[in-house]
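# Structure assessment
Here are the chains, one letter per residue:
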Amino acid sequence: MTLEDYFKIDGTYELKDGLYNVTGNVLLIKEVEKLPFKFGKVTGHFYCSNNQLTSLYGCPRSVGGKFFCHGNKLTSLEGSPTQVSDNFWCDGNKLNSLEGGPQSIGGDFKCSHNILTSLEGCPKRVGDGFSCARNNLTSLEGVPQSIGGDFYCQSNKLTSLEGCPKKVSGNFDCSHNNLNSLEGAPIHVDGDFWCNGNLTSLKGCPKFIGFDFCCNEKLKNTKEYIQYLIMKKLRS
């Protein structure tokens, strides 16, 4: 059994202290439940997505590019890299916790399509977009306050937006939750703001929305929506 039997290595590697350090990219090419080799540092991307993994033990501690483990059977992020310079995608698993995951992500962080009820253990810093959509979340407590791109939390069981970052540099979507109002929403959203669903009030909506404000038709005669239209016209 060799490393190349299980992984496609785009670059060079060395074995040191039982760990494979790779200068380049790594792609898992065989279906496995656990990684048969242990990695230390990978300078490029590490892809182990759309497989049968139930554990991330053996994954590199440091990844210089993207780390993709989406589409597996993971219930935990224990064993995942501590440092990822680009995107970290763990969506489409069976995660019930984010504990053990990296605390700083240079690119996107996607944990959507899991069974999360809490965001405890979430990264403290995300350089680009953040998506926790389509889980069982009732609260956004623990969300990183520094996010460089879009923020998606739609299709959960949220009753409040408390805990959201105060500024979102891209789009924001909180549609299809159990919200009655928008209290706790970001103050400033540079992109679109989507809040379709069963809202009865737009109270608490952002003071600034850079592009479209998408809400139910019945709420478009409220003072909050009219104020958005006035501000949008003034900017045009």
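Above: the structure in question.
Residues numbered from 1 in each chain as written. Predicted model: local features only at pLDDT ≥ 70, side-chain atom pairs only at ≥ 80, totals over all residues. Heavy atoms only, no water.

### Here's the deal with the overall build of the chain
Tallying secondary structure elements over the chain gives two helices and 20 strands in all. With respect to the principal axes defined by its C-alpha atoms, the chain has extents near 65 × 35 × 25 Å. Going through the 236 residues of the chain one by one, you find that 47% of them count as buried. Restricting the contact set of the chain to residue pairs at least 6 apart, pairs at least 24 apart contribute 6%. Accessible area of the chain: about 11100 Å², with a carbon and sulfur share of 49%. Positive and negative side-chain charges of the chain, numbering 25 and 24 respectively, have mean locations separated by a distance of 4 Å. (Helix = DSSP H or I, 4+ residues; strand = E, 2+ residues; numbered from the N terminus. Buried < 20%, exposed > 50% of the residue type's maximum accessible area, 1.4 Å probe, protein only. Contact = heavy atoms within 4.5 Å. Areas by Shrake-Rupley, 256 points an atom, 1.4 Å probe, with all protein chains shown as cover. Lys, Arg positive; Asp, Glu negative; His and termini not counted. Charge placed at Lys NZ, Arg CZ, Asp CG, Glu CD.)

### Quick look at the pattern of salt bridges
The tally for this structure, following the rule as stated, stands at four salt bridges. Between lysine 232 and aspartate 212 there is a salt bridge; the shortest N-O distance is 3.6 Å. With lysine 232 in helix H2 (residues 223-235) and aspartate 212 in the loop between strand S19 (208-209) and strand S20 (213-214), this residue pair connects regions lying 20 residues apart in the sequence. You can call aspartate 212 partly exposed: its relative accessible area is 38%. The residue glutamate 217 makes a salt bridge to lysine 220 at a minimum N-O spacing of 3.1 Å. Overall, the relative accessible area of 61% leaves glutamate 217 in the exposed class. Among the residues examined, lysine 220 registers a relative accessible area of 29% and is labelled partly exposed. (Salt bridge = Lys/Arg side-chain N within 4 Å of Asp/Glu carboxyl O.)

### Observations regarding H2
An α-helical segment advances 3.6 residues per turn. Residues three or four places apart therefore align on the same side. Look at H2: 19 Å from first C-alpha to last across 13 residues, which is about the 18 Å you get at 1.5 Å a residue. What H2 keeps buried is the set Glu224, Tyr225 and Tyr228. Buried residues in H2, looked at end-on, bunch into an arc of 95°, giving them a common side. Facing away from the buried side of H2 by over 90 degrees, the exposed positions are Lys223, Lys233 and Leu234. Its buried side turned inward, H2 meets S19 and S20. (Expected span 1.5 Å × (residues − 1). Arc of directions from axis to C-beta.)

### Observations concerning unusual backbone geometry
With a phi close to 50°, asparagine 50 is a non-glycine residue in the positive phi region. Along the polypeptide, asparagine 50 turns up in the loop between strand S4 (46-47) and strand S5 (62-63). You will see that arginine 134, though not glycine, has its phi angle at about 55°, which is positive. Within the secondary structure, arginine 134 is located in the loop between strand S12 (130-131) and strand S13 (146-147).

### Considerations on the environment of lysine 8
For lysine 8, the position within the fold is in strand S1 (residues 7-16). Beyond its immediate chain neighbours, meaning those up to four positions away, lysine 8 contacts Asn25, Val26, Leu27 and Ile29.

### Observations concerning the nonpolar core
Judged by nonpolar contacts, the single largest core of 64 residues is most densely connected at Phe7, Phe46 and Leu161. In terms of residue count, the dominant contributor to this core is strand S2 (residues 19-28) (four residues). If near-sequence neighbours (up to four positions away) are discounted, phenylalanine 7 is found in contact with Val26, Leu27, Leu28, Ile29, Leu35, Pro36, Phe37, Phe39 and Phe46. (Core = buried A, V, L, I, M, F, W, Y, C linked by side-chain atoms within 4.5 Å.)

Note that all results are geometric; they support no functional claim without further evidence.
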